[in-house]
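Observations on the three-dimensional arrangement
Residue-level listing of the chains:
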Amino acid sequence: QVQLVESGGGLVQAGGSLRVSCAASGRTFSNYAMGWFRQAPGKEREFVAAINRSGGSTYYADSVKGRFTISRDNAKNTVYLQMNSLKPEDTAVYYCAAASTALLLTRRGYDYWGQGTQVTVSS
């Protein structure tokens, strides 16, 4: 019973920055680790970043490490993905997901998914 709604996607030039947000329903938000995945046209959905329940541990795909930062504000029931130094290959629909397991690097570990927000990076 967790609903997730992404926002903040848009069009940005290569080298620019963008922050996407995910608002979660319910007061049990802190019971879930959170993750971001993305899917480009013709590609499979891939792991981008994850954060544990307290926010003390984060995990990143090699392709975004050093450029993206995941964070959460449990008081606001919101998780964020700050994206810097964006590249055209970052263009995708970005999905927020909530997990109650420790399997945070795979889609199998997540229980709930948002509808996604489009991020387009122009060259």
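Anything mentioned here points back to the structure above.
A brief report on the enclosed structure follows.

About the cut-offs
Residues numbered from 1 in each chain as written. Predicted model: local features only at pLDDT ≥ 70, side-chain atom pairs only at ≥ 80, totals over all residues. Heavy atoms only, no water. Salt bridge = Lys/Arg side-chain N within 4 Å of Asp/Glu carboxyl O. Helix = DSSP H or I, 4+ residues; strand = E, 2+ residues; numbered from the N terminus. Buried < 20%, exposed > 50% of the residue type's maximum accessible area, 1.4 Å probe, protein only. Contact = heavy atoms within 4.5 Å. Polar contact = N/O pair within 3.5 Å; in protein donor to acceptor, adjacent residues only side chain to side chain. Pairing = 2+ DSSP bridges. Axes fitted to C-alpha atoms, helices over the stretch in contact; angles between N-to-C directions. Core = buried A, V, L, I, M, F, W, Y, C linked by side-chain atoms within 4.5 Å. Phe/Tyr/Trp six-rings, centres within 6.5 Å; stacked < 30°, edge-to-face > 60°.

Side note on the pattern of salt bridges
One pass over the structure, following the stated rule, counts 3 salt bridges. Taking the shortest distance from any N to any O, the salt bridge between R38 and D90 comes out at 2.9 Å. Taken together, the residues R38 in strand β4 (residues 33-39) and D90 in the loop between β8 (78-83) and β9 (92-99) connect sequence positions 52 residues apart. With a relative accessible area of 0%, D90 lands in the buried category. Look at the salt bridges and you will find they share partners, linking R38, E46, R67 and D90 into a network.

Examining the environment of Q39
With respect to the helices and strands, the residue Q39 is situated in strand β4. A C-alpha to C-alpha distance of 27 Å links Q39 and T28, two positions 11 residues apart in sequence. When residues no more than four places from it in sequence are discounted, the contact partners of Q39 are E44, R45, A92, V93 and Y95. Among the polar contacts listed, one links the side chain of Q39 to the backbone oxygen of K43, at a separation of 3.1 Å.

Description of the sheet that holds strand β7 (residues 68-73)
The 4 strands lie next to each other as β1-β3-β8-β7, forming an open sheet whose pairing is antiparallel. In this open sheet, the two edge strands, each paired with only one partner strand, are β1 (4-7) and β7. Each adjacent strand pair in this sheet contributes to an overall mean axis angle of 15 degrees, direction not counted. By the bridge criterion, 6 bridges tie strand β3 (residues 18-24) to β8 in an arrangement that is antiparallel. Among the inter-strand pairings, L18 is bridged to a residue of β8, identified as M83.

A look at the nonpolar core
Membership of the largest hydrophobic core comes to 37 residues, with the highest contact counts inside it found for M34, W36, V79, L81, M83 and Y94. For this core, the secondary structure elements donating two or more residues are β3, β4, β5 (46-51), β7, β8, β9 and β11 (117-122). Among the elements that make up this core, the one with the highest residue count is β9 (6 residues).

Topic: the packing of aromatic side chains
Under the definition given, this model contains 5 aromatic pairs. With centroids separated by 5.9 Å and ring planes inclined at 75 degrees, the aromatic side chains of Y32 and Y112 adopt a geometry described as edge-to-face. With Y32 in the loop between β3 and β4 and Y112 in strand β10 (residues 112-113), this residue pair connects regions lying 80 residues apart in the sequence. Looking at Y32, the relative accessible area reads 12%, which means it is buried. Here Y112 falls in the partly exposed class, since its relative accessible area comes to 23%. Taking 5.7 Å as the distance between ring centres and 75 degrees as the angle between the ring planes, the aromatic pair formed by F37 and F47 counts as edge-to-face. Of this pair, F37 sits in strand β4 while F47 sits in strand β5; the two residues are 10 residues apart in sequence, bridging distant segments of the chain. For F47, a relative accessible area of 15% translates into the label buried.

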